[in-house]
Amino acid sequence: MSQPNRLATGGRIDRGRPLAFRFDGRTLHGYAGDTLASALLANGVHLVGRSFKYHRPRGILGLGAEEPNALIQLGRGNRTEPNLRATQIELFDGLDAQSQNRWPCLRFDVGAVNSAFHRLFPAGFYYKTFMWPPALWKTYEEVIRNAAGLGKAPEGPDPDRYERMHAHCDVLVCGGGPAGLAAALAAGRSGARVILADEQSEFGGSLLGEADVAIGGSPATDWVAEVVAELESMPDVTLLRRATVNGYYDHNYLTVAERVTDHLGVGLPTVPRQRLWKIRAKRVILATGAIERPLVFRDNDRPGVMLSSAMRGYAVRYGVLAGDRPLIVTGNDDGYRTALALADRHARVAGIVDLRAEPEGPLVEAARDRGIEVFAGHSVAGAHGGRRVEAAEIAFMTRDGSGITGGTRTIECDAIAMAGGFNPTVHLFSQSRGKLRWDEERAIFLPGTSHEAEVSVGGCAGTESVAQAIKDGIRAAVEQVRDLGHTVRQPAAPAVEEPGQGAGNRVIWMLPSTAPVGRKGKHFVDFQNDVTAADVMLATREGYRSIEHVKRYTTTGMGTDQGKTSNVNALAIVGQTLGVDVPAVGTTTFRPPYTPTTIGAYGGRDVGRLFAPVRTTAMDSWHRANGARFEHVADWMRAYYYPKDGESFRQAVDREVTAARQGVGVLDASTLGKIDVRGKDSAEFLNRVYTNAWAKLGVGRCRYGLMLKEDGMVMDDGVTTRLADDHFHMTTTTGGAARVLNWLEEYLQTEWPEMDVRLTSVTEQWAVASICGPKSRELLGRICTDIDLSNDAFPFMAMQEGTVAGIPARVFRISFTGELSYEINVPTRYGLALWEAVMAAGADLGITPYGTEAMHVLRAEKGFIIVGQDTDGSVTPLDLGMDWIVSKQKPDFIGKRGMARPDLSKPDRKQLVGLYTKDPNEVLPEGAQVVETLKPKPPMAMLGHVTSSYYSPSVGRSIAMALIKGGHARKGQTLHVPLEGRTVEVTVTDGTVFFDPEGSRRDG
Amino acid sequence: MLLITCPYCGPRDDAEFSYGNQAHIARPVDPSVCSDQEWAEYLYYRDNPKGPFAERWMHAAGCRRWFHVVRDTNTHAILQTYKVGEWPDPAIDPREGTS
């Protein structure tokens, strides 16, 4: 249980609740309240990973979201998650973590040899090495992917549950540090609906890691607790902990990733693992704080080199000393706070290297008074050590900081704290399309011009004092809620005691050393992607000017941390090398998500059975009980075929087709799109949307129609029936139902609002059993006695209303098979009863249910097209050989003018033809390409492709349809279909009707 | 994620709407007299301005009515929404020759 670097007292951890966890198989201990990072440091574990490219040993750099090095694979099996930042993983009992990107193990890593050959891995390494020859890329890629990788994806489906939440609020406060808490309190007291979200397990932000701040005379965390308690008592305030505002989109729409149970290590049955909040906020207050900037010096990546604020945070918040003998390197007073906080906690501070020549002020005095040696005007010329920093080489700098003078001096230390100043966390502001402003004096980007209704306060607005952050938070919230019309009740800003900051930050982008950058050691800019200052400078020498190009060429800022610690350093080094200002180099674009978010959170409940709605017909239970196999058609589950014992797919389909041709078959046709068209202009409306004429269609008569788009291409087809002068029943394809309804509505609302036509989708109101075959009249006669079924009384393409099996029905004598056929429509709630009645009445006639495959064969035998299968949006009625359905008399209909374009009458357009294979048993694959002249290998000039292909039991051979260039003029021609490893010879048939070309069967 | 004010239902997320491209392009009364060029312009040619753009939207998951929106394609600001048959405010009317 020994935690050698844990202090005896202090911190926000619960020493009464020890927790055991595993890191790379080793069992270690920490306390409730720890993060994995603080627990590892407490155990003296600094080496936590190998770097991306050079496999250099790496330690923990930061305290939170900014961490570039300590990326961890958490958990096992289906629940494993890669690339998590150890600094943000809350410790739980049994936590199982593994380091990444090392082989065979962390302490001895074969890939580290890359480091010795670093000259082989310059900026643009991938571009330069692997662009040529292209064929070798696949070989290289495999090696590289193994050598340079991050964590591993889980191998099975995610067993956890995720949810999405939608919320609206007056004010969304992003970040629960001093500024955010103050803003939420002011807005909440004024009665606004407030959501406060913070990524940490508890509110307080930076205050959780400071020992030298008091608010209202008490420790700052007492003030935090009071404010949180008051916010929790307000009914209109929602507090979200462990909730990262990760995306800021148009019109104040933000997403928040809430980790509900991750910190427990186990899921709970009542809540999801994570929630993705989608919040529309009237106003947004950004209080996202600031991230400290690392210093760029030689070998600044040795484990033990950390951000100063992180080292202080580990000591104050977690009671962990990252080093027994830390050296502080700083350009500002904040580094002195770290030195003092560590010294107060029994660290033997090795000294403070201050980049400023003459530091002064209370913090400097306090450090000197404590006996801490201050090396003013010094540079860190390099860090020494392997798996842990052992010493620093320091040297006095020239006045301008560009070089060193005199010799170097070695200072032993086991940790180095880097205080390079704070970069405001402007990520969300930038995502919202706000324009950043470069503050030259402070060398930071600040929020400039807003794009959305938001305001930045506190650290992300460049404020360094807690007192000011609280005041700004209150003021911003008051302005926002007043603007929204609330009565303002403003909290008084509390008195804050905090160390005064003296002279500003001295910025030196690359600390000078004994040799120029790039000559000796490595000066890391981007720790995660292993990009050095030398790489960035090389990119500029090779002609890159824009930061967007430098980024892509060097990969700086392109890691999963999006360059939270590296972007500004990279920009500044480019600017310095080119001799231009930072704004001239550009700013990087911040994109959502702020920190990586699981795909599960985005998917929410839309997985598995809930991924897409499934529509079933009224007869679905019968199909299932009778062994049907199903296929998806649009959102519908349709019976595909009904195999009997031992039957193959082909055998079942052949049997079903034969029954429908020779006896009687029945198809569940309920899924066909149905639109009720009503109003006195209905016939004229149909005239405009179909290619043929509708005005004279008699009541009770049906007509087939083809719909085109304005460009003349076939869009949908179906049979429409006149129920009354002003009332039609339109059918569409199953997949096109919604599209057609939308399309018709659009014309009615936008082009022809004067027409009296109303459309209603009735697809789900009618269940349809379509009976087909020579015995269908006999069958229907047994269960329908109030309709005269004779050919004269009930001819083809007519509709009769009556009663079938005691159910009120509309019976349509239409046929998609060429056989005598009746489509019996009944209200959906009677669909199953109708189906069962049909099956019972037809039992002795050998009634055979048939599925969609048999339906496809039956229609193809007759050459009936399926829109979307035999057409693809670039096919006209003429291409299909269907000019018989295109009215020459009507002055206009949708698609008429489009069809008249000269290109659409070219003879070499792709046209629908029938194909016979030379071998009658060969069934071509649909989609196969057709060529005129065979060549030994591709490329060959392609004529078109096979659209429909089946074995036809009625014809006794295979049949196919294809769209072929100039196909109508190719009757009798022999063409070729190259398949994998062989070629099939085909002949173009005379027309596409393969069976009963005289149409002698449709009347029974 | 835009916030669009349906003239019939009020402000709603853009997920409830479907997009219908440029507004105020009337279908020719007699397409048969259009030249190929005129027909191609009606069918295919659309403006692509940086700035205010009048476009059609349909409240697909709501009232299912088509209406018009003037949207700034650069800032994504919704400048005006109005019903079919109505016209944009002259001050922001993006149509050629109207401002």
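Definitions and limits used
- Residues numbered from 1 in each chain as written.
- Chains lettered and ligands numbered in written order.
- Predicted model: local features only at pLDDT ≥ 70, side-chain atom pairs only at ≥ 80, totals over all residues.
- Heavy atoms only, no water.
- Helix = DSSP H or I, 4+ residues; strand = E, 2+ residues; numbered from the N terminus.
- Buried < 20%, exposed > 50% of the residue type's maximum accessible area, 1.4 Å probe, protein only.
- Contact = heavy atoms within 4.5 Å.
- Areas by Shrake-Rupley, 256 points an atom, 1.4 Å probe, with all protein chains shown as cover.
- Pairing = 2+ DSSP bridges.
- Axes fitted to C-alpha atoms, helices over the stretch in contact; angles between N-to-C directions.
- pLDDT = per-residue confidence, 0-100.
- Left-handed = near helix turned anticlockwise from the far one by under 90°.
- Nonpolar A, V, L, I, M, F, W, Y, C, P; charged D, E, K, R; others polar.
- UniProt positions renumbered as here; feature names shortened; annotations may be inferred.
- Salt bridge = Lys/Arg side-chain N within 4 Å of Asp/Glu carboxyl O.
- Patch = residues over 30% accessible without salt bridge, like charges linked within 9 Å, V, L, I, M, F, W, Y side chains within 5 Å.
- Lys, Arg positive; Asp, Glu negative; His and termini not counted.
- Charge placed at Lys NZ, Arg CZ, Asp CG, Glu CD.
- Expected span 1.5 Å × (residues − 1).
- Arc of directions from axis to C-beta.
- Buried area = accessible area lost by both parts, 1.4 Å probe.
- Polar contact = N/O pair within 3.5 Å; in protein donor to acceptor, adjacent residues only side chain to side chain.
- Domains from an automatic or database assignment.
- Phe/Tyr/Trp six-rings, centres within 6.5 Å; stacked < 30°, edge-to-face > 60°.
- Lys NZ or Arg CZ within 6 Å of the ring centre and 35° of its normal.

## Regarding the overall build of chain A
When helices and strands are counted, chain A shows 24 helices and 50 strands. Seen through its C-alpha atoms, chain A measures out along the principal axes to roughly 115 × 70 × 55 Å. Counting all 1004 residues of chain A, 58% fall into the buried class. The contacts in chain A between residues at least 6 apart in sequence include a share of 66% that link residues at least 24 apart. Carbon and sulfur atoms provide 51% of the accessible area of chain A, an area that totals close to 40,200 Å².

## A word on the overall build of chain B
Tallying secondary structure elements over chain B gives 1 helix and 6 strands in all. Overall, chain B shows an N-to-C arrangement of helices and strands of β-β-β-α-β-β-β. Buried residues in chain B amount to 36% of all 99 residues. Partitioning the contacts of chain B with sequence separation of at least 6, the portion at a separation of at least 24 is 46%. In the form shown here, chain B has an accessible surface area of approximately 5,300 Å², with 50% of it arising from carbon and sulfur atoms.

## Things to note about the sheet that holds strand β24 (residues 415–419) of chain A
Residues and elements named next belong to chain A. Read across the open sheet, the 5 strands follow the order β17-β24-β18-β19-β20; overall the sheet is parallel. Each of the sheet's edge strands pairs with one partner strand only, and the pair in question is β17 (305–307) and β20 (374–376). Ignoring strand direction, the axes of neighbouring strands in this sheet form an average angle of 20°. Looking at chain direction, strand β19 (residues 351–354) and β20 are connected through 3 bridges and run parallel. Bridge pairing links V353 to F375 in β20. The sheet strands contacting helix α8 (residues 334–344) are β18 (326–330), β19, β20 and β24, and the helix crosses β18 at an angle near 165°.

## A few points about the side chain of A:R337
All names here are of chain A. With respect to the helices, strands and loops of the structure, R337 is situated in helix α8. Residue class for R337 comes out buried when judged on its relative accessible area of 8%. Leave out the neighbours within four places in its chain, and R337 touches E210, D212, V213, R312, L363, P499 and Q501.

## Topic: α8(A)
Residue and element names in this part refer to chain A. Burial analysis of α8 places 10 of its 11 residues in the buried class, the great majority of the element. Of all the positions in α8, only D334, G335, Y336, R337, T338, A339, L340, A341, L342 and A343 are classed as buried. Taken from the residues just after α8, H346 is the one with a positive phi, measuring 75°.

## Re the sheet that holds strand β39 (residues 758–761) of chain A
All names here are of chain A. The antiparallel open sheet is built from 5 strands, whose spatial order is β36-β37-β38-β35-β39. In this open sheet, the two strands that pair with only one neighbour each are β36 (702–708) and β39. Each neighbouring strand pair of the sheet contributes to a mean axis angle of 30°, computed without reference to strand direction. Against the sheet, helix α19 (residues 682–689) touches β35 (673–678), β36, β37 (714–724), β38 (727–732) and β39, its axis set at about 30° to β38.

## A few points about the confidence of the model for chain B
The predicted structure's coordinates, where accompanied by low pLDDT, should not be read in detail. All names here are of chain B. Summarising the model, chain B shows a mean pLDDT of 93, and 96% of its residues fall at 70 or more. Per-element mean pLDDT across chain B ranges from 94 in helix α1 (residues 36–43) up to 98 in strand β1 (residues 3–6). What the predictor reports for the complex is a pTM of 0.91 with an ipTM of 0.96.

## Overview of the packing of helix α5 (residues 178–189) of chain A against helix α11 (residues 466–483) of chain A
Residues and elements named next belong to chain A. Direction vectors running N to C along α5 and α11 enclose 35°, while the axes themselves pass 7 Å from each other. Classified by chirality, the crossing of α11 by α5 is right-handed. Together, P178, A179, A182, A183, A186 and A187 of α5 and V466, A469, I470, G473, I474, A477, V478 and V481 of α11 make up the contact between the two elements. Considering only residue class, the contact of α5 with α11 consists of 13 nonpolar, 1 polar and no charged.

## Observations regarding the UniProt feature "domain: FAD/NAD(P)-binding" (unreviewed entry) in chain A
The UniProt entry lists residues 170–444 of chain A under the feature "domain: FAD/NAD(P)-binding" (unreviewed entry), expressed in the numbering used here. The span residues 170–444 of chain A shows a helical share of 22% and a strand share of 37%, and its end C-alpha atoms are spaced 31 Å apart.

## Examining the pattern of salt bridges
Under the definition given, this model contains 67 salt bridges over all chains. The shortest N-O distance in the salt bridge between A:R782 and A:D844 comes to 2.6 Å. Here A:R782, found in helix α21 (residues 776–783), pairs with A:D844, found in the loop between α22 (831–841) and β44 (848–849); they are 62 residues apart in sequence, far enough to count as distant. When its relative accessible area of 36% is taken as the criterion, A:R782 is described as partly exposed. When the shortest N-O distance is used, the salt bridge between B:R71 and B:E55 registers 2.5 Å.

## Some thoughts on the pairing of strand β50 (residues 982–988) of chain A
Residue and element names in this part refer to chain A. Examined bridge by bridge, strand β45 (residues 910–917) and β50 share 3 bridges and lie antiparallel to one another. Paired with Y916 across the bridge in β50 is T987. When strand β49 (residues 974–979) meets β50, the two strands line up antiparallel, connected through 6 bridges. Residue L975 lies in a different strand from β50, and its bridge partner there is V986. Hairpin remark: β49 followed by β50, antiparallel, with 2 residues in the connecting loop; positive phi at G981, about 80°.

## Structural notes on a negative patch on the surface
Taken together, A:E358, A:E360, A:E365 and A:D369 make up a surface patch of like negative charges. Look at A:E358 and you get exposed, because its relative accessible area is 69%.

## Overview of helix α6 (residues 220–232) of chain A
All names here are of chain A. With 13 residues, α6 ought to run about 18 Å at 1.5 Å a step, and its terminal C-alpha atoms sit 19 Å apart, in line with that. Among the residues of α6, A220, W223, V224, V227, V228 and L231 are the ones counted as buried. Within α6, the buried residues cover an arc of 130° as seen down the axis, which keeps them to one side. Residues of α6 that are buried sit in contact with α5, β9 (194–197), β10 (214–215), β11 (218–219), β12 (237–240) and α11.

## Focus: the environment of A:L268
Residues and elements named next belong to chain A. The topology assignment puts L268 in the loop between β14 (253–259) and β15 (274–286). Of the residues examined, L268 reaches a relative accessible area of 40% and is grouped as partly exposed. Sequence separation between L268 and D160 is 108 residues, and the spatial gap between their C-alpha atoms is 9.7 Å.

## Things to note about the environment of B:L79
Residues and elements named next belong to chain B. On the secondary structure map, L79 appears in strand β6 (residues 78–83). For L79 and P49, which are 30 residues apart along the polypeptide, the C-alpha to C-alpha distance reads 15 Å. Those residues in contact with L79, other than ones at most four positions away along the chain, are P52, V70, D72 and I92.

## Here we look at the interface of chain B and chain A
Contact with chain B, which involves 27 residues of that partner, is made by 23 residues of chain A. In terms of surface lost to chain A, no three residues of chain B exceed B:M1, B:R27 and B:W66, which account for 29% of the buried area on that side. There are 5 salt bridges connecting chain B and chain A. A salt bridge links B:R56 to A:E746, with the nearest nitrogen and oxygen atoms 2.4 Å apart. In this structure, the connection of chain B to chain A is made through 20 residue pairs in polar contact (both at pLDDT 80 or more). Mapped onto the side of chain B that touches chain A, the elements with two or more residues apiece are α1 and β4 (52–58) of chain B. Ranked by the residues each element gives to the side of chain B that touches chain A, the list is headed by α1(B), at 4 residues. Its residues assigned to classes, the side of chain B that touches chain A comprises 16 nonpolar, 5 polar and 6 charged.

## Points about the domain arrangement of chain A
Partitioning chain A into domains gives domain 1 (1–158), domain 2 (165–290 + 424–483), domain 3 (294–420 + 503–508), domain 4 (515–586), domain 5 (674–763) and domain 6 (899–998). Taken over C-alpha atoms, the centre of domain 4 of chain A sits 63 Å from the centre of domain 5 of chain A.

## With respect to the packing of aromatic side chains
Each pair of aromatic rings is reported with the distance of its centres and the angle of its planes. Residue and element names in this part refer to chain A. Tallied over the full model, the rule gives 22 aromatic pairs over all chains. Ring plane angle 70° and centroid distance 4.8 Å describe the contact between W743 and Y747, whose orientation is recorded as edge-to-face. Separated by 4 residues within a single helix, W743 and Y747 lie in helix α20 (residues 737–751), roughly one turn from each other. Through a chain of ring-to-ring contacts, the aromatic side chains of F685, W743, Y747 and W752 assemble into a single cluster. Here the basic side chain of R624 rests over the ring of F630, its NZ or CZ set 4.3 Å away from the ring centre. Across the ring face of W752, the terminal group of R688 is positioned such that the distance to the ring centre comes to 4.9 Å.

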